[in-house]
Amino acid sequence: MTTMTEGSVREFKMPDVGEGLTEAEILKWFVRPGDTVTDGQVVCEVETAKAAVELPIPYDGVVTDLHFPEGTTVDVGTPIIAVSVGGAAPAETPAPAPAPAAEEAEPPQERQAVLVGYGVAASSTRRRPRKGTESGTGTGAPQAAAAALQTELNGHGPTPRPEPAARPAAEPRQRPLAKPPVRKLAKDLGVDLTTVVPTGPDGIITREDVHAAATPTGTTPQAPQEQPAPAQPAPEQPVAARSAPEPSAPTPTLSPYDTATRETRVPVRGVRKATAAAMVGSAFTAPHVTEFVTVDVTRTMRLVAELKEDKEFAGLRVNPLLLAAKALLVAIKRHPDVNAAWDEANQEIVVKHYVNLGIAAATPRGLLVPNIKDADAKTLPQLARSLGELVTTAREGRTTPAAMQGGTVTITNVGVFGVDTGTPILNPGESAILAVGAIKPQPWVHKGKVKPRQVTTLALSFDHRLVDGELGSKVLADVAAVLEQPKRLITWS
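Residues numbered from 1 in each chain as written. Predicted model: local features only at pLDDT ≥ 70, side-chain atom pairs only at ≥ 80, totals over all residues. Heavy atoms only, no water.

1. Some thoughts on the overall build of the chain
Our working definition: The secondary structure listing takes helices from DSSP runs of H or I that are at least 4 residues long and strands from runs of E that are at least 2 residues long, numbered from the N terminus. Here the open area of atoms and residues is found with the Shrake-Rupley method and a 1.4 Å probe, where only the protein chains shown may cover a residue.
Summing up its helical and strand segments, the chain has 15 helices and 23 strands in all. If you sum the accessible surface of the chain, you get close to 27700 Å²; carbon and sulfur atoms cover 56% of it.

2. A closer look at the nonpolar core
Quick note on the threshold: Residues enter a nonpolar core if they are buried and are Ala, Val, Leu, Ile, Met, Phe, Trp, Tyr or Cys, with the set joined through side-chain atoms within 4.5 Å. Exposure categories follow from relative accessible area, calculated using a 1.4 Å probe and restricted to protein chains: below 20% of the type maximum is buried, above 50% is exposed, and the middle band is partly exposed. Contact criterion: two residues are considered in contact whenever any of their non-hydrogen atoms come within 4.5 Å of each other.
In terms of nonpolar packing, the biggest core is built from 49 residues, with Leu328, Leu357, Ile411, Leu434 and Leu458 touching the most fellow members. By residue number, the principal contributor to this core is helix α12 (residues 320–334), which donates 11 residues. When near neighbours in sequence (up to four residues on either side) are disregarded, Leu357 contacts Ala325, Leu328, Leu329, Pro370, Asn371, Ile372, Ala375, Val409 and Ile411.

3. Some remarks on unusual backbone geometry
One non-glycine residue, Asp374, lies in positive phi territory at about 50 degrees. Locating Asp374 in the fold gives a position in the loop between β19 (371–372) and α13 (380–395). Its identity is not glycine, yet Lys447 carries a phi of approximately 55 degrees, on the positive side. Along the polypeptide, Lys447 turns up in the loop between β22 (440–446) and β23 (449–463).

4. Here we look at the pattern of salt bridges
For clarity, the cut-off: Only one rule defines a salt bridge in this text: a Lys or Arg side-chain nitrogen within 4 Å of an Asp or Glu carboxyl oxygen.
Summed over the entire model, instances satisfying the criterion amount to seven salt bridges. The salt bridge involving Asp463 is made with Arg465; its shortest N-O contact spans 2.8 Å. We classify Asp463 as buried; its relative accessible area is 1%. Judged by its relative accessible area of 27%, Arg465 is partly exposed.

5. Side note on the sheet that holds strand β6 (residues 61–66)
Basically, it comes down to this: Note on pairing: DSSP must find at least two bridges between two strands before they are called paired.
Ordered by their spatial adjacency, four strands build an open sheet running β1-β8-β6-β3, and the pairing between neighbours is antiparallel. The sheet is open, and its two borders are formed by β1 (9–13) and β3 (36–37), each paired with just one other strand.

6. Some details on the packing of aromatic side chains
Rule in force here: Each Phe, Tyr or Trp ring (for Trp, its six-membered ring) is paired with any other whose centre lies within 6.5 Å, and the angle between the two planes then decides the class: stacked below 30 degrees, edge-to-face above 60, tilted in between. Counting as a charge over the ring demands two things of the Lys NZ or Arg CZ atom: a distance within 6 Å of the ring centre and an angle within 35 degrees of the ring normal.
Summed over the entire model, instances satisfying the criterion amount to zero aromatic pairs. In this structure, Arg334 packs its charged tip against the face of Trp492, placed 3.9 Å from the ring centre.

7. Comments concerning α12
For the record, the criterion: Take the residue count of a helix, subtract one, and multiply by 1.5 Å to get its expected span.
End to end, α12 covers 21 Å across 15 residues, agreeing with the expected 21 Å (1.5 Å per residue, within 8%). Within the span of α12, buried status applies to Leu321, Leu322, Leu323, Ala324, Ala325, Lys326, Ala327, Leu328, Leu329, Val330, Ala331 and Ile332.

8. Points about the packing of α12 against α13
Spelled out, the test is: Angles here are taken between N-to-C directions and fall from 0 to 180 degrees, while the axes themselves are lines fitted to C-alpha atoms, restricted in helices to the stretch in contact. Put simply, angles under 35 degrees are roughly parallel, angles over 145 are roughly antiparallel, angles from 65 to 115 are roughly perpendicular, and the rest are oblique. By convention the crossing between two helices is left-handed if the near helix lies anticlockwise of the far one by an angle smaller than a right angle, and right-handed if it lies clockwise. For this classification, the nonpolar set comprises Ala, Val, Leu, Ile, Met, Phe, Trp, Tyr, Cys and Pro, the charged set comprises Asp, Glu, Lys and Arg, and every other residue, Gly included, is treated as polar.
Contact pair α12 / α13: the axes reach a minimum separation of 10 Å and the direction vectors enclose 120 degrees. Our classification of the angle between α12 and α13 gives oblique. With respect to the hand of their crossing, α12 and α13 are arranged in right-handed fashion. Mapping the contact onto sequence places Leu321, Leu322, Leu323, Ala325, Lys326 and Leu329 in α12 and Leu380, Leu383, Ala384 and Leu387 in α13. Considered class by class, the residues forming the contact of α12 with α13 number nine nonpolar, no polar and one charged.

9. A look at empty space enclosed by the protein
Our working definition: Only protein atoms enter the calculation, which uses a 1 Å grid: trapped sets of points that fit a 1.4 Å probe without letting it out are cavities, open sets showing protein on both sides within 12 Å along at least five of seven lines are pockets, and any residue with an atom within 4 Å of a point is a lining residue. Grid points are joined across faces, edges and corners, and a volume is the space filled by probe spheres set on the points.
By the definition in use, this model includes two cavities of 30 Å³ or more. Estimated volume of the largest cavity: approximately 50 Å³. Val297, Thr300, Pro320, Ala324, Val436, Ile439, Thr456 and Leu483 are the residues that line the largest cavity. Partitioned by chemical class, the residues of the lining of the largest cavity number six nonpolar, two polar and no charged.

10. A word on the environment of Trp342
Basically, it comes down to this: Polar contacts, as used here, are pairs of N or O atoms within 3.5 Å; protein pairs need one atom able to donate a hydrogen and one able to accept it. Residues neighboring in sequence count only if both atoms are side-chain atoms.
Secondary-structure assignment places Trp342 in strand β14 (residues 340–343). Considered as a pair, Trp342 and Gly429 are 87 residues apart in the sequence and their alpha carbons are 7.1 Å apart. Setting aside anything within four residues of it in sequence, one finds Trp342 in contact with Gln347, Glu348, Ile349, Asp463, Arg465 and Leu466. Here Glu344 takes part through its side chain, which lies 2.7 Å from a polar atom of the side chain of Trp342.

11. Some thoughts on the pairing of strand β5 (residues 52–56)
The side chains of a regular strand alternate, residue by residue, between the two faces of the sheet. In β5, alternate side chains face the same way, and those of Val53 and Leu55 are buried while those of Ala52, Glu54 and Pro56 on the opposite face are not. Here strand β4 (residues 42–47) pairs with β5 via five bridges, running antiparallel. Residue pairing for β5: Val42 is matched across the bridge by Pro56.

Written out as structure tokens, the structure is:
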């Protein structure tokens, strides 16, 4: 890092771009050291737990350093970029000085590698010649012991005695350095770790070392067995010789259990990390209850077809999800107590007189749940426009953190995947979530006769602290009634 006076350099810190966010991942840098930046210029794009956001620099100057590379997750409040805002250009000659110092300081730390469950390693493959230290310590003079060790490491030490030579060989066998997965692999392959020559840093045994040790163990037994082969006058001996290597036969059969080459590890970060934490928190905080109802939506499907031809909906996306969302809004209007939140701190139920309708959207970045603000106040064409814009923005990765805050209830359309229904988990802070299943033709009793009808299954999950069974059942029944008889959108509105 270049050095300059305190007044000439300003550090831009990672801001909190959302409510309560503690970290963000740097997706892309738009500037490099030496570039000139102006106040308000976007310098990088970061991804938080809620959205991808571009960060502008708040002052003019010249970029002197980018503290973190792309793909790094940085805590809020940590400096991420240094900008020279005035004064002479920084002297870059001192910059290389700290680097070698850091590099020189690192090797001793590497030799003290810590493995889970083993503590600090006493030695490594590069420090095995410590056998001279025992003879050196016998003198009682620390300086003499250090000198003796150094001379021995340089290859000029005294000739080793047989006893010290045997002890270093025994020490690594007693404590071979290997991570738990590598130990399990060695156990599966029947490899004794004390016989494996480590090639990893600080004498750590790697998977490759285990596989390399397993290969000779499979061929070694065969070599001695081939020696009696010349004595073939007795045909029974080759048979016995062939049966002898069978103990090594399990080696190839066990190798498929080495899943390292057949697995991919994906770091949990950004949206997926936030979603996982939110779902776990919701599932184990709010007592979930899920109810189901199967309903004939043939009339709703006819209405969808008619609305697609209506000029009021020209250019808008009209689908069953639109009418299901409207049906849920009508049900909430008839039962406003379902639109509430649980305030744990104050031990209060907060009834909300507005509906911010969340729409669960599957995107390349993971599950997003942006919401339509004041959805209850919108007409059907306005709701269709807002729904289309919300889904498009989410799939393009342009959803803002504000669009995902303040939701009250959510609707998720699992039917687009051909799924009949599910037990959706509540979005944290909300009271209910409605899942709409696949709409399929099924035999249905209609006007006293069995006829093929368009049928779907609805599932409503709700927080039992806020919503009891009666209220939840009434809300779900009203949604089903509207989808069965869409004219109720008029009579119940």
